[in-house]
Amino acid sequence: MGGGARELAGYLAALGGWVAALAAAALPQWRQSSYAGDAIITAVGLHEGLWMSCAAQSTGQVQCRLHDSLFSLAVHIQASRALMVISLLLGFFGIIVSVVGMKCTKVGEEDPITKSRIAVAGGVLFILCGLCTLAAVSLYATRVTYDFFSTNTPINARYEFGSALFIGWGAASLTLLGGSLLCCSCPAKERQGQQYYRQSQPSTAREYV
């Protein structure tokens with residue numbers, strides 16, 4: 001795969017991961033009611049996310065309510081919120097920087113070495129974006145798992161993984177993959193030029209012989 005094609009593939013993968021991370025952050029299905037074991041099946045299914053909680057009735061009607069207070073939220077929700085916001089900001093800047101640094105664009109610098117360096121910077125931003133998304137989703141999932149197996153949690157108050165968690169894991173994977181491909185756009189021509197320059201320089205010993 002050529003350098004331009006690799007950059008384009010990495011950019012598209014990272015862009016898709018960022019869009020998926022945005023969707024995961026907005027969805028309220030980070031955890032959902034569990035009906036495992038002896039749990040009583042009710043006509044109302046509960047879903048909770050970072051920003052709101054929803055109740056879905058068997059008739060298809062869904063009622064959602066935003067979380068009342070930031071300070072009343074659990075620590076893992078606040079941490080996941082912060083990580084997702086940081087992730088989306090890093091990904092947004094990564095999108096802009098990568099467009100400038102890609103070889104297939106005519107934006108910004110025309111020097112291929114400079115553009116490669118900018119593309120690598122965009123890849124680093126995407127990798128940081130993926131790591132923040134992975135940390136946020138994994139932290140929330142760890143808390144859901146702990147509460148599910150805790151003996152202090154009533155059976156009818158247990159929750160399982162929601163679809164937003166799986167979307168978040170997929171988003172983190174795509175963003176990390178895309179960022180890694182962009183980071184492969186190292187300025188190889190600069191290294192080859194330096195090696196050629198060293199080989200072309202005659203040694204002082206040969207000059208005086």
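Residues numbered from 1 in each chain as written. Predicted model: local features only at pLDDT ≥ 70, side-chain atom pairs only at ≥ 80, totals over all residues. Heavy atoms only, no water.

A. Expanded view of the nonpolar core. One finds Trp30, Leu50, Met84, Tyr140 and Leu165 to be the most contacted residues of the largest nonpolar core, which totals 26 residues. Counting residues per element, the ones that place at least two in this core are helix H1 (3–26), helix H2 (75–101), helix H3 (112–149) and helix H4 (163–183). The leading source of residues in this core is H3, at eight residues. Leaving out residues up to four positions away in the same chain, Leu165 has contacts with Gln29, Trp30, Val137, Tyr140 and Ala141. (Core = buried A, V, L, I, M, F, W, Y, C linked by side-chain atoms within 4.5 Å. Buried < 20%, exposed > 50% of the residue type's maximum accessible area, 1.4 Å probe, protein only. Helix = DSSP H or I, 4+ residues; strand = E, 2+ residues; numbered from the N terminus. Contact = heavy atoms within 4.5 Å.)

B. Main features of the packing of H2 against H3. Look at H2 against H3: their axes get within 8 Å of each other, and the N-to-C directions meet at 160°. Here H3 runs roughly antiparallel to H2, going by the angle between their axes. For the crossing formed where H2 meets H3, the hand is left-handed. A per-class count over the contact of H2 with H3 returns 22 nonpolar, 11 polar and two charged. (Axes fitted to C-alpha atoms, helices over the stretch in contact; angles between N-to-C directions. Parallel < 35°, antiparallel > 145°, perpendicular 65-115°, else oblique. Left-handed = near helix turned anticlockwise from the far one by under 90°. Nonpolar A, V, L, I, M, F, W, Y, C, P; charged D, E, K, R; others polar.)

C. Focus on the state of the cysteines. In the structure shown here, the tally under the stated rule is one disulfide. Put simply, Cys54 and Cys64 are joined by a disulfide, and their sulfur atoms are 2.0 Å apart. Measuring handedness by torsion sign, the sulfur bridge of Cys54 and Cys64 sits at about 110° and is right-handed. Here the residue Cys54 occupies a position in strand S3 (residues 52–57), and Cys64 occupies one in strand S4 (residues 62–66), the gap between them amounting to 10 residues. (Disulfide = S-S within 2.5 Å.)

D. Main features of the side chain of Ser33. Summarising the element assignment, Ser33 is placed in strand S1 (residues 31–33). A distance of 2.9 Å separates the side chain of Ser33 from the backbone nitrogen of Leu46, its partner in a polar contact. (Polar contact = N/O pair within 3.5 Å; in protein donor to acceptor, adjacent residues only side chain to side chain.)

E. Quick look at a nonpolar patch on the surface. Taken together, Trp51, Leu66, Val85, Leu89, Phe92, Phe93 and Ile96 make up a surface patch of nonpolar side chains, about 660 Å² in accessible area. Counting residues per element, the nonpolar patch draws most heavily on H2, at five residues. Residue classification places Val85 among the partly exposed residues on the basis of a relative accessible area of 38%. (Patch = residues over 30% accessible without salt bridge, like charges linked within 9 Å, V, L, I, M, F, W, Y side chains within 5 Å. Areas by Shrake-Rupley, 256 points an atom, 1.4 Å probe, with all protein chains shown as cover. Salt bridge = Lys/Arg side-chain N within 4 Å of Asp/Glu carboxyl O.)

F. Fine view of the pairing of S3. Taken together, the five bridges between S3 and S4 define a ladder with antiparallel strand orientation. Looking at S4, one finds that Met52 is bridged to Leu66. In sequence, S3 turns back onto S4 through a hairpin of four residues, with Gly60 there showing a positive phi of about 100°. (Pairing = 2+ DSSP bridges.)

G. Broad picture of the UniProt feature "transmembrane region" (unreviewed entry) in the protein chain. Under the UniProt annotation, "transmembrane region" (unreviewed entry) lies at residues 82–102, 118–141 and 161–184. What you have in residues 82–102 is 95% helix and 0% strand, and the ends, taken at the C-alpha atoms, are 30 Å apart. As annotated, residues 118–141 comprises 100% helix and 0% strand, and the C-alpha atoms at either end are separated by 35 Å. (UniProt positions renumbered as here; feature names shortened; annotations may be inferred.)

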